[in-house]
Amino acid sequence: QVALAANEDLSSHTNHDDWTAISTATELTGIDKAGNYYLTDNVTLTENEAWKPADGVVLCLNGKSIQASGNFDVITVNNGVTFTLCDCSGDSGKITNGYKDGGSQKYPGRGVSVSKNGTFTMYGGSITDNTEGGVFVGSNRTFTMNGGSITGNTVTGSGGGVYVASGAEFTMNGGEITGNTSSSYGGGVYVCNGAKFTMTDGSITGNAASSNENKSYGGGVYVQKDAIKFTMTGGSITGNKA
């Protein structure tokens, strides 16, 4: 079902009874059990708290967005929770932070933060334009990217696109990590000591590690020397800058 949602036009799910429509922030934050859900409208979170999916939730963005209007991450995958994100409308659906008071300054926050022992799998959609990085994968947590895009995120620090903390695992089987920026290490992906990054496909391109004061490293990928392993068997890392 997830593969179907990721790769085929479901005509807004109208012919698929096993998918539940979600149209408001109240409905989204009220999901309390595993199942397949899809957005029928853009959702804005305003309660100063990230959406925390229940274990086993599969969410299709359906070309819509989830936006945080406050100083918090958009989605937090809690301890022991498995969460899957897809988008049957290509990658037009967005996970993003909104602008303060309709101005030009973004609310600070990540797109997705994965808590201890949490598992996040991404098939589609775009995690974009967040000001504290795209995805944070913490200790003993797992992030698998099979498609979609992580793009245009920034961070004051390391890991503009994806930050892989000690003990975490990030597997990239497809999708794009593009146009992200860090002020220190790892414009695209930052891999900490004790972490693991496996890349079999996809592209990491056009990212930058940029600092006005200090040297910066790893425009595409920065791997600390004591990371468990970085294995690349496919895909491409091109056109990045540090």
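Before going into details, it helps to say that this report is about the structure given with it. Treat the numbers as computed from the prediction; the structure is a model and nothing was measured.

The relation between two aromatic rings is expressed through the spacing of the ring centres and the mutual angle of the planes. Counted by the stated rule, this structure contains 12 aromatic pairs. Considering the side-chain rings of tryptophan 51 and phenylalanine 83, the 5.5 Å spacing of their centres and the 90 degrees angle between planes classify their relative orientation as edge-to-face. Taken together, the positions of tryptophan 51 in the loop between strand 3 (43–45) and strand 4 (57–60) and phenylalanine 83 in strand 7 (residues 82–86) put the pair 32 residues apart, joining distant regions of the chain. Residue tryptophan 51 is classed as buried on the basis of its relative accessible area of 1%. Owing to a relative accessible area of 0%, phenylalanine 83 belongs among the buried residues under this scheme. Judged by centre distance (4.9 Å) and plane angle (5 degrees), the ring pair of phenylalanine 170 and phenylalanine 197 falls under stacked. Note that phenylalanine 170 is positioned in strand 17 (residues 169–172) and phenylalanine 197 in strand 21 (residues 196–199), a separation of 27 residues in sequence. When sorted by exposure, phenylalanine 170 lands in the same class as phenylalanine 197, which is buried. One aromatic cluster is present, built from ring pairs that chain together Trp51, Phe83, Phe120, Phe143, Phe170, Phe197 and Phe230.

Attention shifts here to the nonpolar core. Nonpolar side chains in soluble globular proteins tend to be buried together. Ranked by size, the top nonpolar core spans 47 residues in total, and within it Ile66 and Phe120 carry the most contacts. The residues touching phenylalanine 120, leaving out its near neighbours within four places in the chain, are Val77, Phe83, Leu85, Val112, Val114, Ile127, Val135, Thr142, Phe143 and Thr144. Ranked by size, the runner-up nonpolar core spans 6 residues in total, among them Val58, Cys60, Cys86 and Cys88.

Rules used throughout
- Residues numbered from 1 in each chain as written.
- Predicted model: local features only at pLDDT ≥ 70, side-chain atom pairs only at ≥ 80, totals over all residues.
- Heavy atoms only, no water.
- Phe/Tyr/Trp six-rings, centres within 6.5 Å; stacked < 30°, edge-to-face > 60°.
- Helix = DSSP H or I, 4+ residues; strand = E, 2+ residues; numbered from the N terminus.
- Buried < 20%, exposed > 50% of the residue type's maximum accessible area, 1.4 Å probe, protein only.
- Core = buried A, V, L, I, M, F, W, Y, C linked by side-chain atoms within 4.5 Å.
- Contact = heavy atoms within 4.5 Å.

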